[in-house]
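Here is what each chain is made of, one letter per residue.
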Amino acid sequence: MDSPRAAVVHVALARCTAQKVDRSGCVGITTYIRDTCRAGVPFSASRASNARGKAGLSVGRVTDLMLQKWCNDEPVPTGFARRYFDNATDALHRERLVPVATQVPCRLGQLKTELDLVCLRQGKTGNVGIVVVELKTSRQTLAQHAKTYEKRCLRKPYMAVGGHENTEAIAHRIQTDFGVKALLATHPSLKTFHVEGAVLYSTATGARMYPVTPMPIDTYSRRHVGREQVSDGGVDFPLLPTDAHGGTLVRHALKQAGHTKIFTGGKASCTAVNRAGKKVTVGIVSKWHKLKPAQKRQVVNEIRKRSEQEGAAGRPWLVVREKNGLWKAATAALNI
């Protein structure tokens, strides 16, 4: 690719990728997908997907290192994971993608990522675009991968963010699209060029490219597992934490109050089914005892509004932490 336009894009990319990016305090996009989008529930589409695991991660890391060497015109070793690398580069050649940079650090808001590959591609009209490529590998065969890639998780069929189906394909789409948005947010000068994303999925029997359609920007605006925010700007409820982050105590408080089913996500922290079998909206407030009366009123009004938006049949609930450190669940009111 030696057109004048390609040279312009290449120089612009090289200038951007050479810059240092401050990402302190940011959460990685894969952590966000695992703990916030999937609410900490381990993904499992079927028993056939057990070919992933630790061995699959090792293949992915080695293949990624091989691609880095290849992109930097360094010798690529043979042996372990070489088939995955060869299949990946064959797919890149089929798509006429030319790698320019690897492991490019980017951020968007409080989330961060490192782009596996940033490539150039020249279209039939002569226009040159930038393609952000996210590399994925699996010890499954390509045929096995095709059968499970679009399957929903058996434990949690839908994500807690955006109501998306909880599939491997959607998770990869979110990660890749975030990479595109983060690249443009970190380096605004690249907005003058066409930028798109693609997932490169490589197995021992072949590789496949998946073009990524953009996701809504609010996919990445959901507050990561943490504390609520109560300010003049409004109330932001945290998602129901995983058990490792204290979710067990919150769930126990709701069950003690008679809730039979608890689901992460919704318009606030989670949704639950009360004794009467009605769906209710639930908000978590860890600093309730420290809030001023006006702030408590703000929280109660907000959870009631969220409940109306969600169309919940029952009155909204709050799970609050008291002065003694214990969690208490009660219907939303000022005198909890």
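Scroll up for the structure.
Predicted model only: the values in this text are computed from it and were never measured.

Novice: Is there a simple way to think about the packing of aromatic side chains in this case?
Specialist: To describe a pair of aromatic rings, one takes the distance between the centres and the angle between the planes. According to the stated counting rule, one finds 4 aromatic pairs in the structure shown. Here the aromatic residues Tyr149, Tyr201 and Tyr210 are joined through ring pairs into a cluster of three or more.

Novice: What am I meant to see in the pattern of salt bridges here?
Specialist: Pairs can form between side chains of opposite charge once their charged atoms are near each other. Inspection of the entire model under this criterion finds 10 salt bridges. Across the salt bridge formed by lysine 136 and glutamate 134, the nearest N and O atoms sit 3.8 Å from each other. Classification of lysine 136 as buried rests on a relative accessible area of 17%. Residue glutamate 134 is classed as buried on the basis of its relative accessible area of 6%. Among the ionic contacts, a cluster of salt bridges with common partners joins Glu95, Arg121 and Glu196.

Novice: Which parts of the structure should I look at to understand the sheet that holds strand S11 (residues 279-285)?
Specialist: The pairing of strands in a sheet happens through backbone hydrogen bonds and is either parallel or antiparallel. The 5 strands lie next to each other as S9-S10-S11-S12-S13, forming an open sheet whose pairing is mixed. Where the open sheet ends on each side, the last strands, each with one partner, are strand S9 (261-264) and strand S13 (327-331). Pairs of neighbouring strands in the sheet enclose a mean axial angle of 30°, with direction left out of account. For strand S10 (residues 270-273) and S11, the ladder comprises 4 bridges, and the chain directions are antiparallel. What sits directly across from valine 273, in S11, is lysine 279.

Novice: Quick question: what am I supposed to make of the pairing of strand S6 (residues 206-212) here?
Specialist: Regular strands place side chains that alternate from one sheet face to the opposite one. Judged by how many residues are buried, S6 sits mostly within the fold: 5 of 7 residues are covered. Sheet topology note: the strand S5 (residues 195-203)/S6 ladder contains 7 bridges and is antiparallel. Among the inter-strand pairings, serine 202 is bridged to a residue of S6, identified as alanine 207. Hairpin geometry of S5 and S6 is characterised by an intervening segment of 2 residues between the two adjacent antiparallel strands.

Novice: What am I meant to see in the side chain of histidine 145 here?
Specialist: Structurally, the position occupied by histidine 145 is in helix H5 (residues 142-148). For histidine 145, a relative accessible area of 0% corresponds to the buried category. Apart from the residues within four sequence positions on either side, histidine 145 is in contact with Gln140, Tyr201 and Tyr210.

Novice: So what exactly am I meant to see when it comes to the pairing of strand S4 (residues 128-137) here?
Specialist: A large share of S4 lies buried, amounting to 10 of its 10 residues. Burial along S4 is two-sided: Val128, Ile130, Val132, Glu134 and Lys136 facing one way and Gly129, Val131, Val133, Leu135 and Thr137 facing the other are all buried. Sheet topology places strand S3 (residues 111-122) next to S4; 6 bridges connect them, and they run antiparallel. Note on S4: the bridge partner recorded for cysteine 119 is valine 131. As paired strands, S4 and S5 are joined by 8 bridges and run parallel to one another. The partner of leucine 135 across the bridge, within S5, is leucine 200.

Novice: Mind showing me how you'd approach the environment of tryptophan 288 here?
Specialist: Relative to the assigned elements, tryptophan 288 resides in the loop between S11 and helix H8 (293-310). On the accessibility criterion, tryptophan 288 (4% relative accessible area) is buried. C-alpha of tryptophan 288 to C-alpha of leucine 318: the two residues are 30 residues apart in sequence and 9.7 Å apart in space.

Novice: Looking at this structure, I do not really get the state of the cysteines. What am I missing?
Specialist: Here, the word disulfide means a covalent bond between the sulfur atoms of two cysteines. For the structure on display, the rule yields 0 disulfides. In this structure cysteine 71 is not part of a disulfide, and its nearest cysteine sulfur, from cysteine 119, lies 7.4 Å away.

Novice: How do you make sense of unusual backbone geometry when you look at a structure like this?
Specialist: Most peptide bonds adopt trans geometry, and most residues besides glycine take a negative phi value. In the Ramachandran plot, alanine 81 falls in the positive-phi region, its phi being about 70° despite a non-glycine side chain. A relative accessible area of 7% means that alanine 81 is categorised as buried. Here glutamine 103, not a glycine, exhibits a phi torsion of approximately 50°, which is positive. Using a relative accessible area of 23% as the deciding quantity, one classes glutamine 103 as partly exposed.

Novice: What is the right way to read helix H4 (residues 82-94) from this model?
Specialist: At 3.6 residues per turn, the α-helix brings residues three or four places apart onto the same side. Over its 13 residues, H4 extends 18 Å from the first C-alpha to the last, a length consistent with the 18 Å expected when each residue adds 1.5 Å. Three or more residues of H4 are buried, namely Tyr84, Phe85, Asn87, Ala88, Thr89, Ala91 and Leu92. Looking one or two residues past H4, arginine 96 carries a phi angle of roughly 60°, positive in sign.

Conventions we followed
- Residue positions are given per chain, counting from 1 as you read along its sequence in written order.
- For a predicted model such as this one, the threshold for reporting local features is a pLDDT of at least 70, and the threshold for listing and counting side-chain atom pairs is 80 or more; totals across whole chains, interfaces and linings nevertheless cover every residue.
- Each side-chain value is worked out from all heavy atoms of the structure, with water and hydrogens disregarded.
- Here is the rule: rings of Phe, Tyr and Trp (six-membered ring for Trp) pair when centre to centre is within 6.5 Å. Planes less than 30 degrees apart are stacked, more than 60 are edge-to-face, and the remainder are tilted.
- A pairing counts as a salt bridge when a side-chain nitrogen of Lys or Arg comes within 4 Å of a carboxyl oxygen of Asp or Glu.
- For each residue, the accessible area found with a 1.4 Å probe, counting protein chains only, is set against the maximum for its type, and the residue is called buried under 20%, exposed over 50%, and partly exposed in between.
- Whether two strands pair depends on DSSP finding at least two bridges between them.
- The helix and strand labels rest on DSSP assignments: H or I over at least four residues marks a helix, E over at least two residues marks a strand, and numbering proceeds from the N terminus.
- Axis definition: a line fitted to C-alpha atoms, limited for helices to the stretch in contact. Angles are taken between N-to-C directions and run from 0 to 180 degrees.
- Any pair of residues with heavy atoms lying within 4.5 Å of one another is described as a contacting pair.
- Disulfides are defined in this document as cysteine sulfur pairs within 2.5 Å.
- Working rule for helices: expected span equals 1.5 Å times residues minus one.

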